[in-house]
Amino acid sequence: MSWRDIQCGELRPDHVGQRLTVAGWVDTRRDHGGLVFVDLRDHTGKIQLVLKESDDAHELRNEFVVQAVGAVAARATDAVNPNLATGEVEIQVESLQILSRSTPLPFQVGDDTVEETTRLRYRWLDMRGERMQRNLRMSHAAVSGIRRTMDDLGFVDIWTPAMTRGTPEGARDFLVPVRLQPGKFFALAQSPQLFKQLCMIGGLDRYYQIATCWRDEDLRADRQFEFRQLDLEMAFVEREDVLDVMEAAVVGAFEAVGRTAPTRPFPHISYDAAMAKYGSDKPDLRFAMEIQDATEATRGSGFGVFANAPCVRFLVVPKTFSRAEHERLVALAKEWGAKGLALLSQVAKFLSEAELEAFGVPEGSSALCVADTEETAAHVLGLLRLHLARELDLVPDTDVFHWVVDFPLFKHDEETGTWTFMHHPFTAPTAGSEAWEPGEPHDVRGQHYDLVWNGWELGSGSIRIHDVEVQERVFKTMGMTDEEATSKFGFLLDALAMGAPPHGGFAMGIERFVAQLAGEPDIRQIVAFPKVSSGSDPLTGAPTPMPGDVLAESGIRVLPQEDPPKA
Ligand code: ASP
């Protein structure tokens with residue numbers, strides 16, 4: 001026999017007269033001389049129980065788990081609760097059984113003023129509330145929609161190892177000691193990148209996985225140590241084929257959660273245009289406010305700050321600023337790395353008519369200018385653009401998906417003076433540019449693309465290198481000797497040398513995507529049991545020190561910690 005006939009939120013006037021058993025959590029209890037009213041809750045909603053005074057009825061406290069048997073009755077007209085789906089009915093309880101008690105609660109279920117660490121410490125209570133129920137169920141629905149789409153498109157779900165050799169995705173690896181081989185370590189996969197490429201070389205054609213990935217990076221609103229991604233790879237394809245499948249997966253997820261899907265195809269913007277107009281490779285395109293350039297117009301200016309700067313860029317903002325408001329923005333710009341942030345109206349006296357005209361600022365608006373290197377100007381104005389759009393309420397309630405394409409293949413590391421990959425070292429250069437000199441890769445573009453939703457980077461992908469010589473040239477450009485390349489990636493070079501089809505793929509962060517779908521500000525609200533920014537799990541208290549004998553088994557000795565991180 002089941003514990004219940006029906007779920008709490010399902011009772012309707014149709015059930016009046018039936019004798020039913022319900023079970024759930026006590027949400028609230030009210031004593032009304034002679035009668036006790038209890039709202040009984042499960043994830044579907046609440047139903048009012050009416051109990052005669054009895055010892056059990058008095059004993060009930062919030063979050064007790066109870067089973068009640070009784071007749072469903074229509075509520076008196078003045079007792080109908082129009083805010084509750086079950087508000088027209090109640091259960092006149094004949095017998096009640098307490099199935100489980102609860103100690104006094106650290107917080108009431110559904111209280112959204114509770115500090116996050118406390119919510120996470122008692123996540124099971126937090127999960128009973130509407131927010132986490134909705135988010136976790138939405139996450140499931142989105143993943144189901146994605147899986148259905150991938151299955152329909154003929155993709156094969158292939159499991160790849162979590163414990164592997166480090167794959168360079170730009171983060172630190174989490175290491176796993178191996179008792180059978182003390183002193184040696186696996187790395188937890190930062191992504192299944194090389195395995196999915198090997199699947200293509202293995203003739204699998206269309207691979208996907210909802211893959212868990214591990215990256216040792218500082219935790220942020222959109223980052224956890226471990227996360228899932230829709231990881232896919234396809235053989236004999238070009239960029240548009242991959243983008244097409246990804247768009248189908250996004251639409252599949254939108255449909256699965258009952259939301260209007262974004263229109264396909266998603267627009268493209270080049271990396272160069274994104275950096276120049278929005279100062280970011282993941283621009284929020286829900287609003288315009290583009291960065292503009294006045295470098296040429298101010299080359300011969302009498303205003304030395306502009307004339308002598310490598311570049312002059314500005315934002316036109318539909319507002320005039322007081323001195324104090326401007327000073328606050330200057331302080332922000334300095335924090336972000338600018339030397340200053342000029343308000344055009346304040347420096348206008350140093351500029352000629354023609355120069356001022358080039359800025360073209362309409363009445364009632366202001367131009368905020370940065371005179372600096374291209375990189376700093378883009379970075380600072382990009383952040384300022386986002387800051388002001390939020391502050392001035394210029395962000396419309398729409399969804400904009402777009403692709404960023406045509407990234408450079410390499411970037412220069414100013415500190416070490418070396419070249420490194422922009423995406424990962426397996427991304428193919430654009431056709432025709434494969435023969436660069438390893439010391440001079442400045443202008444080589446990669447077949448790399450990113451998916452951005454309202455300014456959140458959802459994921460990245462690329463067409464991969466399938467020619468072993470090009471792969472060797474990338475490694476050489478990154479400063480690897482042949483020996484290093486062979487020792488780290490010999491298996492890939494061997495595979496590429498044995499009949500590798502052209503291939504490409506993509507990976508989209510599931511939690512980032514669902515957080516956006518759910519309108520949540522960070523991915524912790526989408527993850528059942530996340531870590532907080534210190535890297536700890538408030539629920540289990542992990543990570544914890546390990547006893548010396550356990551460490552010794554794996555050949556590990558821990559160095560003394562001067563300032564041990566708090567658990
Ligand atoms: N492996 C890449 C990542 O995890 C995605 C890809 O290139 O497919 O970001």
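Preceding this paragraph is the structure being described.
Note that the structure is predicted; figures quoted are calculated from it, not measured.

Colleague: How should I be thinking about the overall build of the protein in this particular structure?
Modeller: On a plain count of helices and strands, the protein comes out with 16 helices and 22 strands. Looking at the 567 residues of the protein, the share that counts as buried comes to 48%. Within the protein, residue pairs in contact and separated by at least 24 positions form 67% of the contacts whose partners lie at least 6 positions apart. Accessible surface for the protein amounts to roughly 28300 Å². Of this, 51% is attributable to carbon and sulfur atoms. In the protein, which carries 57 positive and 86 negative side-chain charges, the distance between the mean positions of the two groups comes to 4 Å.

Colleague: I'm lost on the packing of aromatic side chains in this one. Help?
Modeller: Describing an aromatic ring pair means giving the distance of the ring centres and the angle of the ring planes. In this structure the tally under the stated criterion is 21 aromatic pairs. Considering the side-chain rings of Phe303 and Phe306, the 4.9 Å spacing of their centres and the 70 degrees angle between planes classify their relative orientation as edge-to-face. For the residue pair Phe303 and Phe306, the accessibility class agrees, reading buried in each case. One aromatic cluster in this structure is built from Phe254, Phe266, Phe401, Trp403, Tyr449, Trp453, Phe506 and Phe513.

Colleague: Explain helix α9 (residues 323-335) here, please?
Modeller: Because each turn of an α-helix spans 3.6 residues, side chains separated by three or four positions end up pointing in the same direction. Between its first and last C-alpha atoms α9 spans 18 Å; for 13 residues at 1.5 Å apiece the expected length is 18 Å, and the two agree. Within the span of α9, buried status applies to His326, Leu329, Val330, Leu332 and Ala333. The buried residues of α9 occupy an angular sector of 165 degrees when projected down its axis, which confines them to one face. For α9, the exposed residues lying more than 90 degrees away from the buried face are Ala324 and Glu335. One or two steps after α9, the chain reaches Gly337, where phi turns positive at roughly 115 degrees.

Colleague: What should I look at first to understand the site of the ligand in this one?
Modeller: Close to the ligand lie 14 residues; Glu169, Gln193, Lys196, His423 and Arg464 are nearest. At 3.2 Å from a nitrogen atom of the ligand is found a side-chain nitrogen or oxygen belonging to Ser191. Separating an oxygen atom of the ligand from a side-chain N or O atom of Arg464 is a distance of 2.6 Å. Among the elements of the structure, α5 (193-201), β21 (456-463) and β22 (503-509) are those that each provide at least two residues to the shell around the ligand. Looking at the shell around the ligand, the element that brings in the most residues is β22, giving 3 residues.

Colleague: Got a minute to help me understand the side chain of Glu63 in this structure?
Modeller: Structurally, the position occupied by Glu63 is in the loop between α1 (55-59) and β4 (65-74). Exposure remark for Glu63: the relative accessible area of 3% places this residue in the buried category. Engagement of the side chain of Glu63 in a polar contact is seen with the side chain of Arg41, the distance being 2.7 Å. With residues near it in sequence (within four places) discarded, Glu63 still touches Trp25, Val26, Arg41, Ser102, Leu105, Val109 and Arg128.

Colleague: Can you help me understand the sheet that holds strand β16 (residues 366-372) in this one?
Modeller: What holds strands together in a sheet is hydrogen bonding between their backbones, with the strands either parallel or antiparallel. The sheet built from 4 strands is open, its strands ordered β13-β14-β16-β15 with antiparallel pairing. With one partner strand each, in any of the chains shown, β13 (291-293) and β15 (342-343) form the two edges of the open sheet. Here β15 runs beside β16; their pairing, made up of 2 bridges, is antiparallel. In the sheet register, Ala342 faces β16, and the bridge partner there is Cys369. Across the face of the sheet, helix α12 (residues 374-391) comes into contact with β13, β14 (311-317) and β16 while running at roughly 10 degrees to β14.

Colleague: How do you make sense of the pattern of salt bridges when you look at a structure like this?
Modeller: Between side chains of opposite charge, a pair can form when the charged atoms approach closely. Scanning the model with the defined rule gives 36 salt bridges in all. With a closest N to O distance of 3.2 Å, Glu226 and Lys531 form a salt bridge. One end of the pair, Glu226, is in strand β11 (residues 226-235); the other, Lys531, is in the loop between α15 (510-518) and α16 (548-553), with 305 residues separating them in the sequence. Looking at Lys531, the relative accessible area reads 17%, which means it is buried. Across the pair Arg524 and Asp522 runs a salt bridge, and its minimum N-O distance is 3.4 Å. No difference in accessibility class separates Arg524 from Asp522, as the two residues are buried. Connected through shared salt-bridge partners, Asp27, Arg41, Lys46, Glu63 and Arg128 make up one network.

Colleague: Any chance you could explain the nonpolar core here in plain terms?
Modeller: Generally speaking, a soluble globular protein has its nonpolar side chains buried in company with each other. Residues Leu230, Leu232, Leu451 and Phe513 are the most contacted members of the largest nonpolar core, which totals 63 residues. Ranked by residues supplied to this core, first place goes to helix α6 (residues 239-256) with 8 residues. If we skip the residues at most four places from it in the chain, Leu230 touches Ile146, Met150, Tyr208, Gln209, Ile210, Met246, Ala249, Phe506, Ala507, Met508 and Ile510. One finds Ile6, Leu49, Phe64 and Leu96 within the second-largest nonpolar core, a separate group that totals 23 residues.

Colleague: Mind showing me how you'd approach the environment of Lys196 here?
Modeller: Turning to its location among the elements, Lys196 is positioned in helix α5. Spatially, the C-alpha atoms of Lys196 and Val514 are 24 Å apart, while their sequence positions differ by 318 residues. In contact with Lys196, other than residues within four places in its own chain, are Tyr207, Asp231, Leu232, Glu233, Arg464 and Phe506. A polar contact of 3.3 Å, which involves the side chain of Lys196, links it to the backbone oxygen of Phe506.

Colleague: Explain the packing of helix α4 (residues 130-152) against α15 to me, please; I cannot follow it from the model alone.
Modeller: When two helices pack together, their arrangement is captured by the angle between the axes and the distance separating the axes. With their axes 10 Å apart at the nearest point, α4 and α15 run at an angle of 120 degrees to one another. With respect to their mutual orientation, α4 and α15 come out oblique. Relative to α15, the crossing made by α4 is right-handed. Here Arg134, Asn135, Met138, Ser139, Ala142, Val143 and Ile146 of α4 come into contact with α15, specifically with Ile510, Phe513, Val514, Leu517 and Ala518. Of the residues in the contact of α4 with α15, the class split is 9 nonpolar, 2 polar and 1 charged.

Conventions adopted
Residues numbered from 1 in each chain as written. Predicted model: local features only at pLDDT ≥ 70, side-chain atom pairs only at ≥ 80, totals over all residues. Heavy atoms only, no water. Helix = DSSP H or I, 4+ residues; strand = E, 2+ residues; numbered from the N terminus. Buried < 20%, exposed > 50% of the residue type's maximum accessible area, 1.4 Å probe, protein only. Contact = heavy atoms within 4.5 Å. Areas by Shrake-Rupley, 256 points an atom, 1.4 Å probe, with all protein chains shown as cover. Lys, Arg positive; Asp, Glu negative; His and termini not counted. Charge placed at Lys NZ, Arg CZ, Asp CG, Glu CD. Phe/Tyr/Trp six-rings, centres within 6.5 Å; stacked < 30°, edge-to-face > 60°. Expected span 1.5 Å × (residues − 1). Arc of directions from axis to C-beta. Near = heavy atom within 4 Å. Polar contact = N/O pair within 3.5 Å; in protein donor to acceptor, adjacent residues only side chain to side chain. Pairing = 2+ DSSP bridges. Axes fitted to C-alpha atoms, helices over the stretch in contact; angles between N-to-C directions. Salt bridge = Lys/Arg side-chain N within 4 Å of Asp/Glu carboxyl O. Core = buried A, V, L, I, M, F, W, Y, C linked by side-chain atoms within 4.5 Å. Parallel < 35°, antiparallel > 145°, perpendicular 65-115°, else oblique. Left-handed = near helix turned anticlockwise from the far one by under 90°. Nonpolar A, V, L, I, M, F, W, Y, C, P; charged D, E, K, R; others polar.

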